[in-house]
Amino acid sequence: MASSKSDNSKNLENPPKPRPIRSYVIRSGRFTDSQRKAIDDYWDDYVVAYSPPPFALGSLFPAGSELVVEIGFGMGDSLLEMARQNPEANFIGIEVHRPGVGKLLHGIKAHELSNLRVVCHDATEVMQNCFANESIDKILILFPDPWPKKRHNKRRLVQTEFIELLICKLKCGGLLHLATDWEAYAEHMLTVLEGIDRLENRNGPGHFWEQAIRPTSKFEQRAKRLGHGVWDLLFGKKCQ
Ligand SMILES: C[S@@+](CC[C@H](N)C(=O)[O-])C[C@H]1O[C@@H](n2cnc3c(N)ncnc32)[C@H](O)[C@@H]1O
């Protein structure tokens, strides 16, 4: 009894921290041979370790000043394509799903890209700790997990607090490009982004981006096969 009383008083002094709500579940996803080989062979070349001081961008890339970050790149197809099409810009992709990381590493090596690097860690922590304020030109979140059940809505990546964090990391005039195939999430995104003073809807208030320019992603292909619509949003950070 005595020990349980002292345990209780200790707990009152140091209450356990609430566990953060994650926007993902780590799937045990199987690796193909090529994904596993790419993880083994190219991890050290192209993966940037998560570490709290901001990344030294100048030492990650040989050239280029424009920085584009994609959060949750999945299998990385659209990110690889963007990096290939825009050799003058630098790209960092953030993803927790390791088979997807392996697939992208394979692509980076196959195309000998020097303008694309990968971080395999929770994007919330990466954005909080690894980028200096006003250091990013464009952030993409394409087809984030929709978490459609009401009790899971809190897991959605697009929430005011997270978007406020992204805005701090964007340069003045920097862009935020979101897309989803889930109509209710699209409406939620529009409400969140239009509720933030420092953002401006590049397509006019209340409007989605009808003719969005970006490569098609894997998840989008699946969404279209299922007959889903697609909604893109493009917002710019106002200069103060
Ligand atoms: C629905 S998939 C879409 C993938 C890709 N953008 C596409 O369109 O094909 C969402 C991805 O976001 C990743 N993700 C979700 N939350 C994340 C987080 N906090 N940090 C890093 N990756 C995250 C998941 O692992 C998943 O691969």
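As shown above, the structure is provided for reference.
All chains use their own residue numbering, which begins from 1 and follows the written sequence. Thresholds applied to this predicted model are a pLDDT of at least 70 for local features of residues and 80 or more for the giving and counting of side-chain atom pairs; totals over whole chains, interfaces and linings are not thresholded and use all residues. Where side-chain values are given, they derive from all heavy atoms of the structure, hydrogens and water being excluded.

Trainee: With reference to specific residues and values, describe the site of the ligand.
Mentor: Any residue with at least one heavy atom within 4 Å of a molecule or strand is counted as near it. For the ligand, the set of nearby residues contains 19 residues, the closest of which are Ser-23, Glu-95, Ala-123, Leu-142 and Ser-217. Two N or O atoms count as a polar contact when they lie within 3.5 Å, although within protein this holds only if one can serve as hydrogen donor and the other as acceptor, and sequence-adjacent residues are included solely when both atoms are side-chain atoms. For the ligand, an oxygen atom lies 2.5 Å from a polar atom in the side chain of Glu-95. Interatomic distance of 2.8 Å between a backbone N/O atom of Ala-123 and a nitrogen atom of the ligand. Isolated, the ligand exposes 600 Å² of accessible area, and the fraction of that covered by the protein chains is 95%. Residues are called lining when one of their atoms sits within 4 Å of a cavity or pocket point, these points coming from a 1 Å grid over the protein atoms alone, where a cavity is a set in which a 1.4 Å probe fits but cannot get out and a pocket is an open set with protein on both sides within 12 Å along at least five of seven lines. Think of it this way: if more than half of a molecule's atoms are within 2 Å of a pocket's grid points, that molecule is in the pocket or cavity. Under a 2 Å grid-point criterion requiring more than half of the atoms, the pocket assigned to the ligand is the largest pocket. Amino acid classes used here: Ala, Val, Leu, Ile, Met, Phe, Trp, Tyr, Cys and Pro are nonpolar; Asp, Glu, Lys and Arg are charged; the rest, including Gly, are polar. Of the residues contributing to the shell around the ligand, the split by class is 7 nonpolar, 6 polar and 6 charged. Areas reported as accessible are Shrake-Rupley estimates using a 1.4 Å probe. Residue values count occlusion only from the protein chains shown.

Trainee: Could you give me a rundown of the packing of aromatic side chains, with the residues and numbers involved?
Mentor: Any two rings among Phe, Tyr and Trp, with Trp reduced to its six-membered ring, count as a pair given centres within 6.5 Å; such a pair is stacked if its planes are under 30 degrees apart, edge-to-face if over 60, and tilted if neither. Under the defined criterion, the tally for this structure stands at 3 aromatic pairs. Centre to centre, the rings of Tyr-42 and Tyr-46 are 6.4 Å apart; their planes meet at 55°, and the pair counts as tilted. Here the residue Tyr-42 and the residue Tyr-46 both occupy positions in helix α2 (residues 33–46), the gap between them amounting to 4 residues, near one helical turn. Neither residue differs from the other here; Tyr-42 and Tyr-46 are each classed as buried. Judged by centre distance (5.4 Å) and plane angle (85°), the ring pair of Phe-55 and Phe-131 falls under edge-to-face. Here Phe-55 is found in the loop between α2 and α3 (57–60), whereas its partner Phe-131 is found in the loop between α6 (123–129) and β4 (136–142), with 76 residues between them in sequence. Accessibility assignment for this pair places Phe-55 and Phe-131 in one class, buried. Look at NZ for Lys and CZ for Arg. If either is within 6 Å of the ring centre and within 35 degrees of the ring normal, a charge sits over the ring. Residue placement shows Arg-155 over the ring face of Trp-147; its charged tip is 4.6 Å from the ring centre. What counts as a helix is a DSSP run of H or I of at least four residues, what counts as a strand is a run of E of at least two, and both are numbered from the N terminus. With a 1.4 Å probe rolled over the protein chains alone, any residue whose accessible area is under 20% of its type maximum counts as buried; one over 50% counts as exposed, and the rest are partly exposed.

Trainee: With reference to specific residues and values, describe the side chain of Arg-117.
Mentor: Residue placement: Arg-117 occurs in strand β3 (residues 116–119). Buried charge Arg-117 goes without a salt bridge, the closest partner of opposite sign being Asp-45 at 8.1 Å. We call two residues contacting when some pair of their heavy atoms lies within 4.5 Å. Ignoring sequence-local partners within four residues, the contact set of Arg-117 consists of Asp-45, Tyr-46, Val-48, Leu-60, Phe-61, Phe-91, Ile-92 and Gly-93. In this count, Lys and Arg are taken as positive residues and Asp and Glu as negative ones, while His and the chain termini are left out. Should a side-chain nitrogen of Lys or Arg be within 4 Å of a carboxyl oxygen of Asp or Glu, the pair is scored as a salt bridge.

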